[in-house]
Amino acid sequence: MTAARTSSLTDRPQLGLRERKKIKTRMAIRSATYELIEDQGYDATTIEQIAERAEVSQSTVFRYFPTKEDIVLTDEYDALMEEELRTRPVDEPWIDSLRYVVTKAIGVTAAEEPGVIRLRSRLMLEVPAVRSRMIESMSETGRLLCRVLAERTGRDSTDLEVRVYAMSLIGGLAEISIYWAENNYEDDLTELVNRALNVLEHGLPRD
């Protein structure tokens, strides 16, 4: 992935002190979780251990993440993706805007959390609870895309066509992560994204 590293989320100037503290707490909980999972596996990692490693209370963990699966899957990039999509030129083809923003988001994630992106993909593949929660959480990102897509096209965000297009993208991104893990991370992740977006743009290739 070749996208340039951006400034840390917690350093973004438009965020207030309170929001930056929230992000730092979420990141500390997630970092603790990933470390524990790497050391002892997903099933053996408990909320109590996560709280102790992150130096927060168990209630704080649950306040930020309702389930252990949410800790693994939640990141701070949905809002950034929405913001980036809204800054793209209004006359730019929608698929080009998506290609730019999704590729950039993957590049930022890979630069700031290089080990996490692989671990998350592996857990999606190996842990049924994580995969199940991933499917549930996709609807939230899908609604985000529906809002932006509706603004760009002049359609209503609840239109069937808008929802189908948005969720096709979200489902495709989920499959990319699983495919990447299934194939031992041998493929370039950005190239996989481009292949998936080509399917959305041109349909399934004949050969």
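Quantities reported herein were computed from a predicted structural model and do not represent experimental measurements.

A few words on the packing of aromatic side chains. Enumeration according to the criterion identifies one aromatic pair in this entry. When the ring of tryptophan 180 is compared with that of tyrosine 185, the centres are 4.9 Å apart and the planes differ by 85°; the resulting orientation is edge-to-face. Assessed through its relative accessible area of 18%, tyrosine 185 is described here as buried. A cation sits over an aromatic face here: lysine 68 above tyrosine 42, 4.2 Å from the ring centre.

Once that is clear, we can look at the side chain of serine 97. Topologically, serine 97 is positioned in helix 6 (residues 94–112). Beyond its immediate chain neighbours, meaning those up to four positions away, serine 97 contacts Leu85, Arg88, Glu92 and Arg152.

Moving on to the pattern of salt bridges. Scanning all chains against the criterion turns up 14 salt bridges. For arginine 53, the salt bridge identified is with glutamate 35, shortest N-O distance 3.0 Å. Of this pair, arginine 53 sits in helix 2 (residues 47–54) while glutamate 35 sits in helix 1 (residues 17–40), placing them 18 residues apart in sequence. One network of salt bridges, in which partners are shared, links Glu82, Arg86, Arg147 and Glu151.

One finds Leu85, Leu123, Val130 and Leu145 to be the most contacted residues of the largest nonpolar core, which totals 41 residues. Broken down by element, the residue count for this core peaks at nine residues, all from helix 9 (residues 160–182). Sequence-distant contacts of leucine 85, defined by excluding residues within four places in its chain, comprise Trp94, Ser97, Leu98, Val101, Leu145, Val148 and Arg152. Within the second largest apolar cluster, ten residues are counted, among which are Ile29, Leu36, Ala54 and Phe65.

Conventions adopted
Residues numbered from 1 in each chain as written. Predicted model: local features only at pLDDT ≥ 70, side-chain atom pairs only at ≥ 80, totals over all residues. Heavy atoms only, no water. Phe/Tyr/Trp six-rings, centres within 6.5 Å; stacked < 30°, edge-to-face > 60°. Buried < 20%, exposed > 50% of the residue type's maximum accessible area, 1.4 Å probe, protein only. Lys NZ or Arg CZ within 6 Å of the ring centre and 35° of its normal. Helix = DSSP H or I, 4+ residues; strand = E, 2+ residues; numbered from the N terminus. Contact = heavy atoms within 4.5 Å. Salt bridge = Lys/Arg side-chain N within 4 Å of Asp/Glu carboxyl O. Core = buried A, V, L, I, M, F, W, Y, C linked by side-chain atoms within 4.5 Å.

So far we have only geometry, and geometry alone does not tell us how the molecule works.
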